[in-house]
Structures are given as C-alpha cells and as structure tokens.
Amino acid sequence: MKFFVDTANLDQIRDAQDLGVLDGVTTNPSLMAKEGITGQNNILKHYVDICNIVDGDVSAEVIATDFEGMVKEGEALANLHEQIVVKLPMIKDGIKAAKYFNDKGIRTNVTLVFSAGQALLAAKAGATYVSPFIGRLDDVSTDGLGLIAEIRQIYNNYGFETQILAASVRHTMHIIDCAKIGADVITGPLSSIEGLLKHPLTDIGLAKFLADFNKGN
Ligand code: G3P
C-alpha cells in the first residue's frame, strides 16, 4: 500500500518524506491556493520544488476543462519533471484526455470520482490512478469506504491495473479500513498517517522499560 500526503505545504511534505514511508504527493488547486501559491509560473515552480523533496509520484492538476486545453496543460506539467502525474477531472473530456495520455505513456490520476461507474470509465481509459473522495462522500451521509470496496471488486473482476487512490482521507481509521479493503494508495493529511504510530500501551510499555533500565544503572 502506498502512502501519499495530500498537501502543497513544503514543510509538511519534508516532514512526511523524513518519516521514510512516503510514496508520493497529491495536490489540487485548492491546496495550492491554501499555501498562497498563485499564478501559473509560481504554481509550476512549486510542483518542481515538491518533486525535489519527495521520492515518488506528484499529482499536478490541470485547470482546463476541454480536451485540447487538458492536453496542452498536461503535456507542460508532464515535461516539468519525471515524477509528475497529470491529474484530470472526471468529466467526458477528462476521460478522453486520460486515454490520450495513456497512449503516449504519460501517467494520469483521474480525480473527483464519486461512483463505481466513474471509476470503471477511468480504468477503461487507462488511468494510472483513480481518486475516489471518501471523506466527501462520508460528509453527505454516503459510504465512502463502500465505494472503495465496490471499485476493488470491479477492478479485480477484470484485472484492471488502474490503482485505487483513496482520496479525501480525513483520519487514521480511514487508512486502516482502506488497507483492509485493498486500496492501492491513500492520500490524506500527514496527521492521518502519524496517527498510525499511536497506542497508549506502547507509551506505557516504553516508559516502564526505561524506568526498569534506570533502576539498575
Ligand atoms: O486532493 C483531493 C482530496 O484528497 C481532497 O480532500 O479533504 O478536500 O475532501 P478533501
């Protein structure tokens, strides 16, 4: 299972990389704006900065919503760095663009996926990753993890190689449940990954080991 962090914050990306278990980064226009990164040149430079920190795939999202625009933007993004994965919205032209990039050997991440049917189409188009947003489904009283299970079953049935990238992960239990279901990748805040470290019995046990060691020294 791959761990991606879902942020454009360079300090968080450095922290995640330092932990030694990071496989990549996902970003989107909202995450860029949150870091105050605006303007095309600054955004492109920021993608390169991220690639230079992390060993792994970095999803960079197109803004265009028409096929020609997505191709132009996506090619420019892919040319920035070999780690870039072109992120495309789950719309008709996004699917056409995913097929186009797959034929050219450029990796893609089809984003804003909220149904099994959308995930099936993305796989048919040859997307490298498909990003179902589980947290946003949970937010509207719909079963985000249930969608991951449905996609897993469909992809297994037909041997699709598209990787299920569970996105909009909000907390640590999302990661554990995604691992049980068989998602290929999760992307979420660093805090959701660091939550995996925590157990009070670990802290109590370590404190006792250290106390016992110190008794004899
Ligand atoms: O990057 C896409 C997705 O992970 C967004 O998550 O928390 O804004 O729903 P969130």
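Here, every reference points to the structure presented above.
These notes cover the structure that comes with them. (Residues numbered from 1 in each chain as written. Predicted model: local features only at pLDDT ≥ 70, side-chain atom pairs only at ≥ 80, totals over all residues. Heavy atoms only, no water.)

**Overview of the side chain of Ser168**
Counting through the fold element by element, Ser168 comes out in the loop between β7 (163–166) and α9 (172–181). Taking the relative accessible area as the measure of exposure, Ser168 reaches 10% and is therefore buried. Among the polar contacts listed, one links the side chain of Ser168 to the backbone nitrogen of Arg136, at a separation of 3.1 Å. With residues up to four places along the chain from it excluded, the contact list for Ser168 reads Phe133, Ile134, Gly135, Arg136, His174 and Thr187. (Helix = DSSP H or I, 4+ residues; strand = E, 2+ residues; numbered from the N terminus. Buried < 20%, exposed > 50% of the residue type's maximum accessible area, 1.4 Å probe, protein only. Polar contact = N/O pair within 3.5 Å; in protein donor to acceptor, adjacent residues only side chain to side chain. Contact = heavy atoms within 4.5 Å.)

**Considerations on the site of the ligand**
In the neighbourhood of the ligand, the contacting residues comprise Asp6, Asn28, Lys87, Phe133, Arg136, Ala167, Ser168 and Arg170. A distance of 2.7 Å separates an oxygen atom of the ligand from a polar atom in the side chain of Arg136. A breakdown of the residues in the shell around the ligand according to their chemical character gives 2 nonpolar, 2 polar and 4 charged. (Near = heavy atom within 4 Å. Nonpolar A, V, L, I, M, F, W, Y, C, P; charged D, E, K, R; others polar.)

**Comments concerning the environment of Glu161**
By secondary structure assignment, the location of Glu161 is in the loop between α8 (144–158) and β7. Of the residues examined, Glu161 reaches a relative accessible area of 74% and is grouped as exposed. As for Glu161 and Lys124, which are separated by 37 residues in sequence, their C-alpha atoms are 9.8 Å apart.

**Overview of the nonpolar core**
Core analysis: the biggest nonpolar cluster contains 57 residues, and Val5, Ile13, Val25, Leu88 and Ile186 have the highest contact counts within it. Non-local contacts of Ile186, meaning those with residues more than four positions away in its chain, are made with Met1, Lys2, Phe3, Phe4, Leu165, Ala166, Val169, Ile175, Cys178 and Ile193. (Core = buried A, V, L, I, M, F, W, Y, C linked by side-chain atoms within 4.5 Å.)

**Regarding the sheet that holds strand β1 (residues 2–6)**
One closed barrel accounts for 8 strands, arranged β1-β2-β3-β4-β5-β6-β7-β8; its pairing is parallel. Here the strands of the sheet are splayed against their neighbours by 30 degrees on average, with no regard to which way each runs. Inspection of the sheet shows strand β5 (residues 108–113) paired to strand β6 (residues 129–132) by 3 bridges, in the parallel sense. Each bridged residue has a counterpart across the sheet, and for Val110 the counterpart in β6 is Val130. Against the sheet, helix α6 (residues 116–124) engages β5 and β6, with an angle of about 165 degrees to β5. (Pairing = 2+ DSSP bridges. Axes fitted to C-alpha atoms, helices over the stretch in contact; angles between N-to-C directions.)

Read these as geometric descriptors, not functional statements.
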